[in-house]
Amino acid sequence: MSTLAPLRLLRDPSNASEGNQSNATVGASGGWCQGLDIPNELFLALGLVSLVENLLVVAAILKNRNLHSPTYYFICCLAVSDMLVSISNLAEMLFMLLLEHGVLVMRPSIVRHMDSVIDMLICSSVVSSLSFLGVIAVDRYITIFYALRYHSIMTLQRAVVTMASVWLASTVSSTVLITYYRSNTILLCLIGFFFFMLVLMLVLYIHMFALARHHLHSISSQQKPPTAHRGGSLKGAVTLTILLGVFFICWGPFFFHLILIVTCPTNPFCTCFFSYFNLFLILIICNSVIDPLIYAFRSQELRRTLREVVTCSW
């Protein structure tokens, strides 16, 4: 799968050099540097599965009034971000196939504009996914440490402002990234944002689990049954930790790819790593497929509503 510009530059940054890239790096790459030949059908299949799954999550949250809370609104926004990944992937694949088979004939200027729109969707999904994972982690943190004041802290108005701010920031940042995609400064900002959100979530989760462990130890020493609130909070923290782990595994290689673009675009090892860009794209799409499965498996209320949505029990 060949990606559109400017994402084509991310796949093979050596193409951006001014002719000073030596062919020796390619010759010294060896067999493992040939990359993976991933069929287009796999991209299409994963994109369709992710699209359907996340649509079901959004429909379930909208259908069940018990899920009309800031926490599930944030989860709904994360599902929409995952849908953006699927939609942009499907749009890119269909657009490329139509062009390659001569079914769609367009002027180069229009093709470039279409490229930019699709790339903006992809970049916006990256920033919004990271942001909403951080927002969900903060929301869960408030639920555990400020349970009695949660509804006064996380009001519906503040939740709406938070969601609108994230979408606005994602749109603006993706526009800037696509416009100045050749600048290493822009890539460094994106990488820095990824690590900032990762550290933020890790700190919050470590604190949450430390508190949960302390309470479980106190309960066991006093031989008291655990309360439903603490059990639910611990379950929610486990769910978000799983989401964080899945997100890091699926997005980590892509951001490591960006780091190598900035630090060693012509190094033989780096050029070999660049050849696996298609695999990194597959992992990103897999993240969009896995997230809804975690929601449905961990949330009994959402799981029940999903069954009703699938069976059309409106």
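Procedures and definitions
Residues numbered from 1 in each chain as written. Predicted model: local features only at pLDDT ≥ 70, side-chain atom pairs only at ≥ 80, totals over all residues. Heavy atoms only, no water. Helix = DSSP H or I, 4+ residues; strand = E, 2+ residues; numbered from the N terminus. Buried < 20%, exposed > 50% of the residue type's maximum accessible area, 1.4 Å probe, protein only. Contact = heavy atoms within 4.5 Å. Areas by Shrake-Rupley, 256 points an atom, 1.4 Å probe, with all protein chains shown as cover. Expected span 1.5 Å × (residues − 1). Core = buried A, V, L, I, M, F, W, Y, C linked by side-chain atoms within 4.5 Å. Axes fitted to C-alpha atoms, helices over the stretch in contact; angles between N-to-C directions. Parallel < 35°, antiparallel > 145°, perpendicular 65-115°, else oblique. Left-handed = near helix turned anticlockwise from the far one by under 90°. Nonpolar A, V, L, I, M, F, W, Y, C, P; charged D, E, K, R; others polar. UniProt positions renumbered as here; feature names shortened; annotations may be inferred.

1. Here we look at the overall build of the protein chain
The helix and strand tally for the protein chain stands at 12 helices and 0 strands. Looking at the protein chain residue by residue over its 314 residues, the buried ones come to 46%. Residue pairs at least 24 apart in sequence account for 82% of intrachain contacts in the protein chain once pairs closer than 6 positions are excluded. Within the structure as shown, the protein chain displays about 16,000 Å² of accessible surface, and the carbon and sulfur contribution to it stands at 68%.

2. Overview of helix α3 (residues 40-63)
Along its 24 residues, α3 runs 35 Å from first to last C-alpha, staying within 8% of the 34 Å computed at 1.5 Å per residue. Burial in α3 covers these residues: Phe 43, Leu 46, Gly 47, Ser 50, Leu 51, Glu 53, Asn 54, Val 57, Val 58, Ala 60 and Ile 61.

3. Some remarks on the nonpolar core
Ile 61, Trp 251, Phe 254, Phe 255 and Leu 258 are the most contacted members of the largest nonpolar core, which has 79 residues in total. Not counting residues up to four positions away in its chain, the partners in contact with Phe 254 are Phe 277, Phe 280 and Ile 284.

4. A closer look at the packing of helix α4 (residues 70-100) against helix α7 (residues 156-179)
Interhelical geometry of α4 versus α7 gives an angle of 15° and a closest axis separation of 10 Å. Considering their axes alone, α4 and α7 lie roughly parallel with respect to each other. Like other packed secondary-structure pairs, α4 and α7 cross with a definite hand, here right-handed. Across the interface between the two elements, Pro 70, Tyr 73, Phe 74, Cys 77, Val 80, Ser 81 and Leu 84 of α4 pack against Leu 156, Ala 159, Thr 162, Met 163 and Trp 167 of α7. By residue class, the composition of the contact of α4 with α7 is 10 nonpolar, 2 polar and no charged.

5. Some words on the UniProt feature "transmembrane region" (unreviewed entry) in the protein chain
The feature "transmembrane region" (unreviewed entry), as given by UniProt, occupies residues 42-62, 74-97, 117-138, 159-179, 185-212, 233-261 and 273-297 in the numbering adopted here. Secondary structure within residues 42-62 divides into 100% helix and 0% strand; the distance between the first and last C-alpha atoms comes to 30 Å. The annotated region residues 74-97 carries 100% helix and 0% strand content, and the separation between its end C-alpha atoms amounts to 35 Å.

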